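Spelled out, the chains give:
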Amino acid sequence: MCGCRTSVPSIKQDSVNQPAPASTKKDPLAAAGMPKGVPIAKQLTSIQALRKGSDLEKAFATAALVYNNYADPKGKLSKAETKSLLQSQFWHVIQGQENKPKYQEIISFLDEESENKIDFEDFMFLLVSLTLMSDLLQEIKNVKTPK
């Protein structure tokens, strides 16, 4: 699909009988030892190894923290939750992509059997795939940096 190592629709799927009722879902931040509503920036500063980390290391850590804050206790996201997360946290990247066949393929994949789960690796493939087709990527490439 995207030319990545793995095509997104071949993502491993775990069937789930029924999603947990909202009242029994555990807060992912609390499960990670963070109080509810702790901003990602504060979570980043709590990671000792990243205090002197590069921008790239912090960027990937941010993606991991966002994923972990939404994932269930087993570290998985339903495809429906993944779609919602992408639409809320990755909007500027996916904006304007709605008519592109690859974008439609990814969204169709997330709409099919939406209770099935994906893991962090598959989530990162989605992020990379969506970024590579994004108009925002071209804008980023055009940014002039002082030398």
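Each chain carries its own residue numbering, running from 1 in the direction its sequence is written. Local features in a predicted model are, by the rule used here, given only for residues with pLDDT of at least 70; side-chain atom pairs are given and counted only at 80 or more, and totals for whole chains, interfaces and linings are based on all residues. The side-chain quantities take in all heavy atoms of the structure and omit both hydrogens and water.

A. A look at the overall build of the chain. Counting its regular elements, the chain contains eight helices and two strands. Classification of residues uses two cut-offs on accessible area relative to the type maximum, computed with a 1.4 Å probe and protein chains only: under 20% is buried, over 50% is exposed, and between them is partly exposed. Taking all 147 residues of the chain together, the buried fraction comes to 33%. Only heavy atoms matter for contacts: two residues are in contact if any of them lie within 4.5 Å across the pair. Sequence separation of 24 or more characterises 70% of the internal contacts of the chain that already satisfy a separation of 6 or more. To measure how exposed things are, a 1.4 Å probe is used in the Shrake-Rupley method; for residues, cover is taken only from the protein chains shown. For the chain, the computed accessible surface area is about 9,600 Å², with 56% contributed by carbon and sulfur atoms. Helical segments are the DSSP runs of H or I of at least four residues, strand segments are the runs of E of at least two, and each set is numbered from the N terminus.

B. Examining the layout of surface pockets more closely. Both site types are read off a 1 Å grid over the protein atoms alone. A 1.4 Å probe that fits but cannot get out defines a cavity, while an open set with protein on both sides within 12 Å along at least five of seven lines defines a pocket; lining residues have an atom within 4 Å of a point. Grid points are joined across faces, edges and corners, and a volume is the space filled by probe spheres set on the points. By volume, the second largest pocket is sized at about 440 Å³. The wall of the second largest pocket is formed by 16 residues, among which Ala 59, Ala 63, Phe 90, Met 124 and Leu 127 lie closest to the centre. When contributions to the lining of the second largest pocket are tallied by element, the ones reaching two or more residues are helix H3 (55–70), helix H4 (79–89) and helix H7 (120–132). No other element matches H3, which puts seven residues into the lining of the second largest pocket. Amino acids outside the nonpolar list (Ala, Val, Leu, Ile, Met, Phe, Trp, Tyr, Cys, Pro) and the charged list (Asp, Glu, Lys, Arg) are all regarded as polar, and Gly is one of them. Class assignment of the residues belonging to the lining of the second largest pocket gives a composition of 12 nonpolar, three polar and one charged.

C. Region of the structure containing the packing of H4 against H7. Interaxial angle, 0 to 180 degrees, is taken between N-to-C directions of lines fitted to C-alpha atoms, where a helix line uses only the stretch in contact. The geometry of H4 relative to H7 is characterised by a closest axis approach of 12 Å and an angle of 40° between their N-to-C directions. With respect to each other, H4 and H7 are oriented oblique. Like other packed secondary-structure pairs, H4 and H7 cross with a definite hand, here right-handed. Here H4 contributes Thr 82, Leu 85 and Leu 86 to the contact with H7, which in turn contributes Phe 123, Leu 126, Leu 127 and Leu 130. Split into classes, the residues belonging to the contact of H4 with H7 amount to six nonpolar, one polar and no charged. Roughly parallel means an angle under 35 degrees; roughly antiparallel means over 145; roughly perpendicular covers 65 to 115; every other angle is labelled oblique. In a left-handed crossing the near helix is turned counterclockwise from the far helix by less than a right angle, and in a right-handed crossing that turn is clockwise.

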